[in-house]
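# Summary of structural features
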Amino acid sequence: MNCIIIDDEPLAREAIEILINQTDGLNLIGSFNSPETATNFIESNTVELIFLDIQMPGINGIEFARSIPKETFVIFTTAYSEFATDSYEVDAIDYLIKPVKSARFQKAVEKAHTYSKLFKADYANNNIEQVADDFFFVKADRRIFKVYFNNILFIQALKDYVVMHSENQKVIAAMNIKTIYDQLPKDMFVRVSKSYVINVKHIGSVDNNTVYIGTNEIPIGNIYRDFFFSEFVTKKIMGR
């Protein structure tokens, strides 16, 4: 994947560059100290992935991510964990806290490669074909998948699509997250942010800001927090 770095700190750019050079499947084609200096390059070159800082003078990373091409993925790199929820509101692939550890970097890149392969398939024609009581059929990548509600761990909005995550597969469909959420059983699924719907049956643990499902950390959006905790955590999970 052709990638670039945008960060106002020279040492931070150097650290990410070292990680990129240690990683197969990444081709670093540019490094910039601000979104403004990167804009023309992105418009005239094929950039598939951006490692993007958030706190920068002028345009911050969150604002800039809203303006990049839909086919370009973003992995945020920042020293501030409090921006995690905001990062997923702009469909970021992942969120890395500085100093970025190699293993965590590799995990984020693997996720980017997975989504890239999904999007390069025939995703424009991927959609839900039929909905039943406990499953639906999804047309994806020239095949029809039978997806049981019980098997879905969570659903993620990404660009103009949704990615359904189960233990053994990921299926992408061309629709917004509200459309698919409206077709799911509400005693099993709940929306926890603009970008995520989760299956409460697969929750491992929660804290005030995050739902943990297996190895996945899913941020809880501010406007969804009260409903999630009152209707699902307190009543359904804790049985109160």
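Anyway, here's the lowdown on the structure attached to this text. Since the model is a prediction, treat every value here as computed from it, not as a measurement.

## So, empty space enclosed by the protein
Rolled over the atoms, a probe with the dimensions of a water molecule shows which regions are left empty. In total, this model carries one cavity of 30 Å³ or more according to the counting rule given. The volume enclosed by the largest cavity comes to roughly 30 Å³. In this structure, the largest cavity is lined by Val147, Ile152, Met164, His165, Ser166, Gln169 and Val171. Here the element with the most residues in the lining of the largest cavity is strand S10 (residues 161-166); it accounts for three residues. Considered class by class, the residues forming the lining of the largest cavity number four nonpolar, three polar and no charged.

## A short note on helix H2 (residues 35-44)
Since the α-helix advances by 3.6 residues per turn, residues separated by three or four positions end up pointing in the same direction. Buried residues of H2: Pro35, Ala38, Phe41 and Ile42, and no others. Projection of H2 onto a plane perpendicular to its axis shows the buried side chains occupying an angular sector of 120 degrees, all on one side. In H2, the exposed residues that point more than 90 degrees away from the buried face are Asn40, Glu43 and Ser44. The inward-facing, buried residues of H2 abut strand S1 (2-6), strand S2 (27-32), strand S3 (49-53) and helix H3 (61-65).

## Structural notes on the sheet that holds strand S14 (residues 205-206)
Spatial strand order, S14-S15-S16: three strands in an open sheet with antiparallel pairing. Unpaired on one side and paired on the other, S14 and strand S16 (216-219) mark the two borders of the sheet. Where strand S15 (residues 210-213) and S16 come together, four bridges link them in antiparallel fashion. By the bridge assignment for S16, Thr210 is matched with Pro219.

## Comments concerning the nonpolar core
Membership of the largest hydrophobic core comes to 25 residues, with the highest contact counts inside it found for Leu26, Leu49, Phe51 and Phe105. Those elements giving two or more residues to this core turn out to be S1, helix H1 (10-21), S3, strand S4 (73-78), helix H5 (102-120) and S10. Looking at this core, the element that brings in the most residues is H5, giving seven residues.

## With respect to H1
Its 12 residues give H1 an end-to-end C-alpha distance of 16 Å, which sits within 8% of 16 Å, the value for a rise of 1.5 Å per residue. Among all positions in H1, only Ala12, Arg13, Ile16, Leu19 and Ile20 are buried. Each buried residue of H1 sits inside an arc of 125 degrees when the element is viewed along its axis, so together they form one side. Structural note: H1 exposes Pro10, Leu11 and Asn21 on the side pointing more than 90 degrees away from its buried face.

Reading the values: the criteria
Residues numbered from 1 in each chain as written. Predicted model: local features only at pLDDT ≥ 70, side-chain atom pairs only at ≥ 80, totals over all residues. Heavy atoms only, no water. 1 Å grid on protein atoms, 1.4 Å probe; cavity = no way out; pocket = protein on both sides within 12 Å on 5 of 7 lines; lining within 4 Å. Points joined across faces, edges and corners; volume = space filled by probe spheres on them. Helix = DSSP H or I, 4+ residues; strand = E, 2+ residues; numbered from the N terminus. Nonpolar A, V, L, I, M, F, W, Y, C, P; charged D, E, K, R; others polar. Buried < 20%, exposed > 50% of the residue type's maximum accessible area, 1.4 Å probe, protein only. Arc of directions from axis to C-beta. Contact = heavy atoms within 4.5 Å. Pairing = 2+ DSSP bridges. Core = buried A, V, L, I, M, F, W, Y, C linked by side-chain atoms within 4.5 Å. Expected span 1.5 Å × (residues − 1).

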